[in-house]
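In case you want the letters, here they are:
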Amino acid sequence: MRKTLLISFLSKAYKTKAILFVLLVVSLNTNALVRYSVASGAWNNTAQWSATSGGAPGASYPVAGDNVYIEGNWTITVSALAAACATLNIASGSTLTVAGFNITVSGTTSISGTINHTSTTGTKLFTGAVTINASGVWNSSVNEAFEFRGGLTFNGTTFTAGTGIYSFTTNVQSIGGSSALFIPNITISIGTTNNANLTVSTAIAGAGTLTNGATGILNFGGASIAPTLTATAAGNVVNYNGTVAQAAKTTTYNTLKINNDAGVTLGAAITVTTLTIGDLTANSIFLDGGYQLTSTGTLNFVSGTYKLGSSSTATAFPAFTVTNFTSNTTVEYGCTKGNQTHII
């Protein structure tokens with residue numbers, strides 16, 4: 001009997017806590033304010049904000065938990081205090097300029113206007129998904145660093161990344177959009193899927209996992225890729241297009257492209273479905289480094305040299321099912337035990 005009463009009491013206690021939690025969440029959501037820009041000026045100035053779209057100024061300026069709409073062709077500047085909000089929406093023709101202060105967006109960010117980052121001072125944290133829409137502009141020519149926890153989608157016309165580090169952290173997320181995206185430096189600290197046409201010219205750092213999705217094109221110009229790379233999805237492409245020597249990430253590739261006349265070298269045996277050499281960069285060089293490349297797929301050899309083996313280790317030419325050669329392409333057999341060069 002006592003056990004029954006105790007279980008009943010605990011059950012009621014847990015129910016009470018659950019109800020209180022729900023009421024707390026509802027209360028927090030109820031307290032969230034909506035703020036609309038009605039003049040140009042500082043984020044922390046009440047003269048710029050209204051509680052209604054196009055309404056009278058004088059509302060409190062946005063703080064953490066509030067939903068923000070920058071509209072009316074106005075420009076809001078984070079120039080005196082750190083800024084925070086729940087959601088950030090920038091309408092076409094309107095601008096948010098973030099100077100040397102922190103900005104934290106805990107929910108989604110939708111940019112149809114312009115966001116300018118004009119200082120490398122302060123942290124820029126976007127916890128929710130960031131979407132740059134068709135008319136949207138992202139400008140960070142000052143080389144600021146950013147942290148994303150909900151992904152990045154670029155459907156706009158202008159994305160000036162600068163050379164600051166774009167970090168993808170904390171939550172599993174994706175990079176996508178219909179427009180080509182150029183970000184020189186990224187860090188992957190969590191599972192991140194690339195569904196975009198993404199060019200990373202300098203470095204892909206971090207200990208997370210970068211997955212190239214079925215629509216993903218990863219153009220990489222740095223020395224090597226640090227995170228785990230998954231590139232098996234049908235349709236995805238990984239293109240090494242640096243101007244200095246590169247090390248190919250050890251993984252299984254659906255489509256591997258070599259467009260580097262300074263050379264791309266394997267560091268371990270890999271499997272490739274389609275290998276393309278020199279379709280974008282003449283005289284590209286691919287070296288297997290003495291590690292066997294396995295493929296029963298297609299070789300598209302457009303321009304350059306395919307170097308088989310190292311000075312001490314011989315490798316075999318892969319058993320491609322389809323081979324497409326053009327003139328003046330070269331296959332070199334590099335093992336000193338039996339060097340030979342075959343010119344196609």
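Our structure's up above, just so we're on the same page.
Residues numbered from 1 in each chain as written. Predicted model: local features only at pLDDT ≥ 70, side-chain atom pairs only at ≥ 80, totals over all residues. Heavy atoms only, no water.

(A) The sheet that holds strand E14 (residues 137–139), seen in detail. Read from one edge of the open sheet, six strands run E2-E5-E8-E11-E14-E17, paired in parallel fashion. Where the open sheet ends on each side, the last strands, each with one partner, are strand E2 (41–42) and strand E17 (158–160). Where strand E5 (residues 75–78) and strand E8 (residues 95–98) come together, four bridges link them in parallel fashion. Each bridged residue has a counterpart across the sheet, and for Thr75 the counterpart in E8 is Thr95. (Pairing = 2+ DSSP bridges. Helix = DSSP H or I, 4+ residues; strand = E, 2+ residues; numbered from the N terminus.)

(B) Structural view of the nonpolar core. Counting residues in each nonpolar core, the largest one holds 64 residues, and the members touching the most others are Leu96, Trp138, Phe159, Tyr166, Tyr240, Tyr253 and Leu275. Per-element accounting of this core gives the leading share, four residues, to strand E32 (residues 270–277). Residues contacting Tyr166, with those up to four places away along its chain left out, are Trp138, Ser140, Glu144, Phe146, Phe148, Phe159, Thr160, Ala161, Ile183, Asn185, Ile186 and Thr187. (Core = buried A, V, L, I, M, F, W, Y, C linked by side-chain atoms within 4.5 Å. Buried < 20%, exposed > 50% of the residue type's maximum accessible area, 1.4 Å probe, protein only. Contact = heavy atoms within 4.5 Å.)

(C) Local environment of the sheet that holds strand E21 (residues 185–188). The strand order E6-E9-E12-E15-E18-E21-E24 describes an open sheet built from seven strands, whose pairing is parallel. Since the sheet does not close on itself, it has two edges, and those belong to strand E6 (83–85) and strand E24 (203–205), each with one partner. The average angle at which neighbouring strand axes cross in this sheet is 15 degrees, direction not considered. (Axes fitted to C-alpha atoms, helices over the stretch in contact; angles between N-to-C directions.)

(D) Geometry of the packing of aromatic side chains. The tally for this structure, following the rule as stated, stands at 20 aromatic pairs. Note on Tyr36 and Tyr69: the rings are 5.1 Å apart at their centroids and 15 degrees apart in plane angle, and the pair reads as stacked. Pair noted here: Tyr36 is in strand E1 (residues 34–37) and Tyr69 is in strand E4 (residues 67–70), with a separation of 33 residues, a long-range link. By relative accessible area, which is 18% here, Tyr36 ends up buried. Centroid distance Phe301 to Phe325: 5.8 Å. Interplanar angle 55 degrees. Geometry classified as tilted. Of this pair, Phe301 sits in strand E35 (residues 298–301) while Phe325 is found in strand E37 (residues 322–325), placing the two residues 24 residues apart along the sequence. Residue class for Phe325 comes out partly exposed when judged on its relative accessible area of 30%. (Phe/Tyr/Trp six-rings, centres within 6.5 Å; stacked < 30°, edge-to-face > 60°.)

Keep in mind these numbers describe shape, not what the thing actually does.
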